Amino acid sequence: MSTALTTRSITAILLALSLAACGGSSGGDGGNDNNPPTPTEPDPTPNPNPDPTPDPDPDPVEVTIGGAIVVPDGAQVDTAARTRAKLALARPKAVAAANSTCPDVPTGYAPVANAAISFTTADEQVSGVTAQTDECGVFSATVPANIAYVTATATGYKVMTVPASTFDPSADNTPPALSILPDVADAGYEIASLQWSDSKLYFTIVDTITNKAVLGVPQTAVSYSVNGANPNDLKSLAYAASQVDGNASIALALDGSSSMDSWVRDSDGNVVMDENGRSLNALRMTARAAHTFLDGKRATDEVGFVIFDHKVSWIDRTFLEERPLVSGSDDVPVDYTISYDDSGFNTSADNLRLTVDQYNRYSAFWNKGGSILDELHPTLPATLRFKSWTYYPWYGATAAYGAADMGREKVLARNNARKIVVLMSDGDDNSSRLSADELIANFKQDNIPLWTVAFGTGVSEDILKRIADETGGHYISSVDQSQLQAEFAAMQTGIVFQYIAELQQSTLPANTTLKVDLNFGSLSASRSVVLQ
């Protein structure tokens with residue numbers, strides 16, 4: 001930081017100059033300025049009104065601003081970088097190692113190197129100070145204290161101007177990162193989820209290219225209205241995960257119906273192969289996507305699983321212990337303890353891997369001596385198996401609505417304010433006891449958002465989209481089935497980097513229409529939800 005004169009030092013200099021100009025004394029020989037001043041005796045009488053404690057130094061004339069400019073994996077301008085991002089989903093440990101070299105870049109995002117950073121004041125005066133991001137997308141600059149905005153410019157990306165407070169490390173915006181998007185026509189923002197819970201508003205903003213969370217949204221970019229009244233500013237805005245009440249309870253409903261044996265096809269209609277050159281079916285792909293979802297889970301968020309065909313199963317300790325585990329194909333007893341909470345919810349991703357691999361009937365759990373298509377997750381003992389008589393519990397029709405409703409009941413009983421249910425299905429519901437309308441009504445009554453994932457072309461996308469729209473949830477279409485892992489990874493960023501806002505009012509009446517508007521840079525989005 002450069003040296004600058006404070007108000008106190010400037011005052012001292014002016015006082016000295018004033019004394020010199022006045023001669024420093026009223027006595028002497030006719031005002032001869034060269035005569036020394038007549039010494040005076042100290043006043044023995046105490047001053048009854050001593051000078052108050054001097055004011056502290058004024059606000060600094062310079063401040064340091066720094067942070068990271070990132071882009072969601074898969075949205076890079078460089079085609080090769082996009083390909084690497086997709087391939088990395090199959091190598092989660094390699095991704096973690098790569099991210100460790102750039103600790104300011106969140107998982108699921110890539111650094112934007114060589115971005116030009118400029119600074120302007122509130123009255124649009126451009127500072128002469130500039131900066132450039134390094135290979136990790138990080139910049140830092142010492143700028144005048146009156147800087148109000150930071151602008152990031154990178155070749156091939158949309159120019160973004162945000163308040164300087166976006167990069168305030170003391171604010172609730174950890175990490176102080178700003179995500180930008182390619183400068184293409186279809187790149188925009190969407191308010192993907194809205195939830196009003198415990199007098200707080202929880203919402204997710206995603207980009208329209210990767211469905212990943214938008215980072216660095218400032219409070220000034222968001223406004224809201226109630227029942228069509230004039231927009232109001234938010235009272236506060238922060239990442240939910242940075243708050244004491246920011247933990248989430250998530251129920252993930254996975255389709256185990258017979259249609260999940262169908263081949264996975266990409267956008268060109270080609271069957272997708274695994275890393276060993278074998279065809280992937282929908283069940284195996286969904287299991288991989290579920291593991292990817294757990295890879296990105298925040299340590300203090302809890303997840304529970306619903307697995308369904310024509311019946312609906314909540315996976316808890318009791319369910320898991322009904323199927324004895326052994327070691328190897330000879331049914332050798334194994335000393336393995338199921339580390340699973342009685343409620344079915346777990347904060348440990350490693351404990352939850354057990355359910356994902358049991359869901360996948362092509363995993364080693366269900367191997368009966370034939371070839372193993374999918375080994376168990378590395379966090380599980382590789383030789384774990386079920387006893388030979390154990391049957392796979394799902395393979396019938398589709399009770400998707402019933403599965404989602406069970407997830408609602410389970411998260412409703414949890415203490416976390418953030419409650420989310422995710423429903424993934426590859427087919428239409430044909431076995432539930434409740435209709436889509438009844439499902440929507442239940443979720444709206446409890447103000448719980450239902451996120452839906454349409455996997456492939458055999459599902460009624462219109463219905464799943466409507467369910468998500470009316471409950472304040474997020475709809476994801478994975479017609480290109482090869483991208484299901486990427487969609488599940490994106491969903492997790494939307495949970496981890498969900499925003500929490502306080503409104504000007506702490507209560508809202510029944511049947512309130514709450515609308516949220518976003519104006520961020522050159523992009524905008526809005527979303528409404530009717531609260532019960």
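Each remark here, short or long, concerns the structure printed above.
Residues numbered from 1 in each chain as written. Predicted model: local features only at pLDDT ≥ 70, side-chain atom pairs only at ≥ 80, totals over all residues. Heavy atoms only, no water.

K.L.:
Let's hear about the overall build of the chain: which residues, and what values?
P.N.:
In terms of regular secondary structure, the chain is built from 10 helices and 25 strands. Residues counted as buried form 48% of the 532 residues belonging to the chain. With the model as given, the accessible surface of the chain reaches about 24,700 Å², and the carbon-plus-sulfur share is 50%. (Helix = DSSP H or I, 4+ residues; strand = E, 2+ residues; numbered from the N terminus. Buried < 20%, exposed > 50% of the residue type's maximum accessible area, 1.4 Å probe, protein only. Areas by Shrake-Rupley, 256 points an atom, 1.4 Å probe, with all protein chains shown as cover.)

K.L.:
Explain the packing of aromatic side chains residue by residue, including any values.
P.N.:
Across all of its chains, the model carries 13 aromatic pairs by this definition. Both rings, one in Phe-319 and one in Trp-394, keep their centres 5.8 Å apart while their planes meet at 15°; by these two values the pair is stacked. On the criterion of sequence distance, the pair formed by Phe-319 in helix 5 (residues 317–321) and Trp-394 in the loop between strand 19 (384–386) and helix 7 (400–412) is long-range, its members being 75 residues apart. This pair shows no difference in class: Phe-319 is buried, exactly as Trp-394 is. Pairing Tyr-392 with Trp-394 gives two aromatic rings, centres 5.4 Å apart and planes at 80°, and the pair type is edge-to-face. Each of the two residues, Tyr-392 as well as Trp-394, counts as buried. The rings of Phe-319, Phe-365, Trp-366, Phe-386, Tyr-392 and Trp-394 are connected pair by pair, giving a single aromatic cluster. The lysine or arginine in question, Arg-323, covers the ring of Phe-319, its NZ or CZ lying 4.4 Å from the ring centre. (Phe/Tyr/Trp six-rings, centres within 6.5 Å; stacked < 30°, edge-to-face > 60°. Lys NZ or Arg CZ within 6 Å of the ring centre and 35° of its normal.)

K.L.:
Tell me what's going on with the environment of Thr-300, and back it up with residues and numbers.
P.N.:
On the secondary structure map, Thr-300 appears in the loop between helix 4 (282–295) and strand 15 (302–308). Look at Thr-300 and you get partly exposed, because its relative accessible area is 39%. Between the C-alpha atom of Thr-300 and that of Ala-248, which follows or precedes it by 52 residues, the distance is 7.8 Å. Beyond its immediate sequence surroundings of up to four residues, Thr-300 is in contact with Asn-247 and Thr-347. A polar contact of 2.9 Å, which involves the side chain of Thr-300, links it to the side chain of Asn-247. A polar side-chain atom of Thr-300 sits 2.9 Å from a polar atom in the side chain of Arg-298. (Contact = heavy atoms within 4.5 Å. Polar contact = N/O pair within 3.5 Å; in protein donor to acceptor, adjacent residues only side chain to side chain.)

K.L.:
Describe the packing of helix 7 against helix 8 (residues 436–445), with residues and values.
P.N.:
Describing two packed helices takes the angle between their axes plus the distance from one axis to the other. At a minimum axis separation of 10 Å, helix 7 and helix 8 run at an interaxial angle of 10°. Between helix 7 and helix 8, the crossing angle belongs to the class labelled roughly parallel. Contacts from Tyr-401, Ala-404, Asp-405 and Arg-408 in helix 7 reach Ala-436, Leu-439, Asn-442 and Phe-443 in helix 8. Split by residue class, the contact of helix 7 with helix 8 holds five nonpolar, one polar and two charged. (Axes fitted to C-alpha atoms, helices over the stretch in contact; angles between N-to-C directions. Parallel < 35°, antiparallel > 145°, perpendicular 65-115°, else oblique. Nonpolar A, V, L, I, M, F, W, Y, C, P; charged D, E, K, R; others polar.)

K.L.:
Mind laying out helix 8, listing which residues take part and the relevant values?
P.N.:
Within helix 8 the residues assigned to the buried category are Ala-436, Leu-439, Ile-440 and Phe-443. Each buried residue of helix 8 sits inside an arc of 100° when the element is viewed along its axis, so together they form one side. As for helix 8, its buried residues are in contact with helix 7, strand 20 (418–425), strand 21 (450–455) and helix 9 (461–471). Once helix 8 ends, the next one or two residues include Asn-447, with phi positive near 55°. (Arc of directions from axis to C-beta.)

K.L.:
Tell me about the side chain of Ser-257, and please be specific about residues and values.
P.N.:
Looking at where Ser-257 falls in the secondary structure, it is placed in the loop between strand 14 (248–255) and helix 4. Look past the residues within four positions of Ser-257 in its chain and what remains in contact with it is Phe-308, Asp-309, Tyr-395, Gly-396, Ala-397, Thr-398 and Asp-426.

K.L.:
Residues and numbers for empty space enclosed by the protein, please.
P.N.:
This structure, assessed with the given rule, holds one cavity of 30 Å³ or more. For the largest cavity, the calculated volume is near 70 Å³. What lines the largest cavity is a set of 13 residues, among which Asn-447, Ile-448, Thr-471, Val-529 and Leu-531 lie closest to the centre. Split into classes, the residues belonging to the lining of the largest cavity amount to eight nonpolar, three polar and two charged. (1 Å grid on protein atoms, 1.4 Å probe; cavity = no way out; pocket = protein on both sides within 12 Å on 5 of 7 lines; lining within 4 Å. Points joined across faces, edges and corners; volume = space filled by probe spheres on them.)

K.L.:
Tell me about the sheet that holds strand 20, and please be specific about residues and values.
P.N.:
Strands sit in the order 16-15-14-20-21-22 across an open sheet of six strands; the sheet is mixed. Taken across any chain shown, the strands that pair with only one partner, and hence form the sheet edges, are strand 16 (312–314) and strand 22 (475–478). The mean angle between the axes of side-by-side strands here comes to 15°, regardless of whether they run parallel or antiparallel. Of the strand pairs in this sheet, strand 21 and strand 22 are connected by four bridges, and their pairing is parallel. If you follow Ala-454 over to strand 22, its bridge partner there is Ser-477. Set on the sheet, helix 6 (residues 349–359) makes contact with strand 14 and strand 15; between it and strand 15 the angle comes to about 15°. (Pairing = 2+ DSSP bridges.)

K.L.:
Requested: an account of unusual backbone geometry, with residues and values cited.
P.N.:
In the Ramachandran plot, Asn-114 falls in the positive-phi region, its phi being about 60° despite a non-glycine side chain. Summarising the element assignment, Asn-114 is placed in the loop between strand 2 (109–111) and strand 3 (116–121).

K.L.:
Provide a residue-level description of the sheet that holds strand 12 (residues 232–233), including the pertinent values.
P.N.:
Sheets are built from strands that pair by backbone hydrogen bonding, the pairs being arranged parallel or antiparallel. The strand order across the open sheet formed by four strands is 12-11-24-25, and the pairing between neighbours is antiparallel. A single partner strand is all that each edge strand has here, and the edge strands are strand 12 and strand 25 (523–531). In the sheet, strand 11 (residues 222–226) pairs with strand 24 (residues 512–520) via five bridges, with the strands oriented antiparallel. Counterpart to Tyr-224 in the pairing with strand 24 is Val-516.

K.L.:
How would you sum up the pairing of strand 7 (residues 160–163)? Please name residues and give values.
P.N.:
Judged from the four bridges that link them, strand 6 (residues 147–153) and strand 7 form a sheet pairing that is antiparallel. Each bridged residue has a counterpart across the sheet, and for Val-150 the counterpart in strand 7 is Val-162. Here strand 6 hands over to strand 7 after six residues, with Gly-156 in that stretch at a positive phi of 90°.

Scope: geometric values only; no functional claims are made or implied.
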